[in-house]
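Now for the letters of each chain:
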Amino acid sequence: IKLPINKLSKADQEFLTAKSSPKEPTKEETPVNPNLKYEVKDSAVTITGFDKKASGELTIPATIEGNPVTSIGDSAFIHCYSLMSITIPDSVTSIGNRAFKFSALTSIAIPDSVTSIGEEVFGATDLTSITIPDSVTSIGEAAFLDCTRLTAVTFLGDAPEIQDKVFQNTSPTIYRKPEAKGWGDTFGGRPVKLISEKP
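Note that the structure is predicted; figures quoted are calculated from it, not measured. (Residues numbered from 1 in each chain as written. Predicted model: local features only at pLDDT ≥ 70, side-chain atom pairs only at ≥ 80, totals over all residues. Heavy atoms only, no water.)

Trainee: Hey, could you run me through the pattern of salt bridges in this one?
Mentor: When their charged atoms lie close together, side chains carrying opposite charge are able to pair. The tally for this structure, following the rule as stated, stands at 1 salt bridge. Between Glu120 and Lys101 there is a salt bridge whose closest N-O contact spans 2.5 Å. You can see Glu120 sitting in the loop between strand E9 (116–117) and strand E10 (129–132) and its partner Lys101 sitting in the loop between strand E7 (94–95) and strand E8 (107–109), a full 19 residues away along the chain. (Salt bridge = Lys/Arg side-chain N within 4 Å of Asp/Glu carboxyl O. Helix = DSSP H or I, 4+ residues; strand = E, 2+ residues; numbered from the N terminus.)

Now the structure itself:
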């Protein structure tokens, strides 16, 4: 029997439309930049690489092939000399070692889903300032190595655990919230001030 769908009750109509088009949400997916390399494992996506010659800005999608992007792998964006800006989705929880080393990054937005930042992640990038969300609890060795232009690192939460030489060959001022815990006068060998003292 064929029934015109509009003769059915609203609930039935919704049920049938949902049933006949289960792939609907994937239309909402941000198209994946063709220069982006990734792997899907256990229903989670890790960004593994990016075309070294690609330039400009990159927005990493929150889902690829219907799976959440949960991590940026080791060395994923290393030597991306023309990549200026990157936006990380708030599905990402970890950023691997050397992920952005030797990139031309001038700006990066770290979402407050990220809990760990690996070793040398931002090494030798062109960042001038960066904000670390309060979700980050650990930062790896030499994370900001040779970031010669970095003048300000703003932390929105309590002091995270850090490894040695986090700010090696870089001299930013650290800014923190007044109510945040675990801060002293210096952090990783750099002076700590309140966010309100930012120039």
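Trainee: Even after reading the chapter, I still don't get a negative patch on the surface, so can you show me in this structure?
Mentor: Where like charges cluster on the molecular surface, the negative patch consists of Asp90, Asp112, Asp134, Asp158 and Glu179. For Asp158, the location among the structural elements is in the loop between strand E12 (152–155) and strand E13 (161–162). A relative accessible area of 42% means that Asp158 is categorised as partly exposed. (Patch = residues over 30% accessible without salt bridge, like charges linked within 9 Å, V, L, I, M, F, W, Y side chains within 5 Å. Areas by Shrake-Rupley, 256 points an atom, 1.4 Å probe, with all protein chains shown as cover. Lys, Arg positive; Asp, Glu negative; His and termini not counted. Charge placed at Lys NZ, Arg CZ, Asp CG, Glu CD. Buried < 20%, exposed > 50% of the residue type's maximum accessible area, 1.4 Å probe, protein only.)

Trainee: Is there a simple way to think about the side chain of Arg190 in this case?
Mentor: Locating Arg190 in the fold gives a position in strand E16 (residues 190–194). Within the buried core, Arg190 has no salt-bridge partner, and the shortest N-O distance to an opposite charge, that of Asp146, equals 13 Å. A distance of 3.3 Å separates a polar side-chain atom of Arg190 from the backbone oxygen of Ser171. Reaching out from Arg190, the side chain makes a polar contact with the backbone oxygen of Pro172 at a distance of 2.8 Å. In contact with Arg190, other than residues within four places in its own chain, are Phe167, Thr170, Ser171, Pro172, Ile174 and Asp185. (Polar contact = N/O pair within 3.5 Å; in protein donor to acceptor, adjacent residues only side chain to side chain. Contact = heavy atoms within 4.5 Å.)

Trainee: Sorry if this is basic, but what is going on with the pairing of strand E1 (residues 36–41) here?
Mentor: Within a regular strand, the side chains alternate between the two sheet faces. Strand direction decides the pairing type here: E1 and strand E2 (residues 44–50), joined by 6 bridges, are antiparallel. From the neighbouring strand, Glu39 faces E2, where its bridge partner is Thr46. Where E1 folds back on E2, the antiparallel hairpin that results is connected by 2 residues, among which Asp42 adopts a positive phi of roughly 50 degrees. (Pairing = 2+ DSSP bridges.)

Trainee: Looking at this structure, I do not really get the packing of aromatic side chains. What am I missing?
Mentor: Two aromatic rings are characterised by how far apart their centres lie and by the angle between their planes. For the coordinates displayed, the defined rule picks out 9 aromatic pairs. With 5.4 Å between their ring centres and 15 degrees between their planes, Phe144 and Phe167 make a pair best called stacked. Taken together, the residues Phe144 in the loop between strand E11 (138–139) and E12 and Phe167 in the loop between E13 and strand E14 (173–176) connect sequence positions 23 residues apart. By the burial criterion, Phe144 is buried, and Phe167 matches it. (Phe/Tyr/Trp six-rings, centres within 6.5 Å; stacked < 30°, edge-to-face > 60°.)

Trainee: What should I look at first to understand the sheet that holds strand E3 (residues 56–59) in this one?
Mentor: Reading across the sheet, the 3 strands line up as E3-E6-E8 and stay open at both edges, with parallel pairing between neighbours. Sheet topology places E3 and E8 at the edges, where each strand pairs with a single neighbour. Neighbouring strand axes in the sheet, compared pairwise and without regard to direction, differ in orientation by 15 degrees on average. The sheet contact formed by strand E6 (residues 83–87) and E8 spans 3 bridges and is parallel. Bridge assignment links Ile86 to a residue of E8, and that residue is Ile108. (Axes fitted to C-alpha atoms, helices over the stretch in contact; angles between N-to-C directions.)

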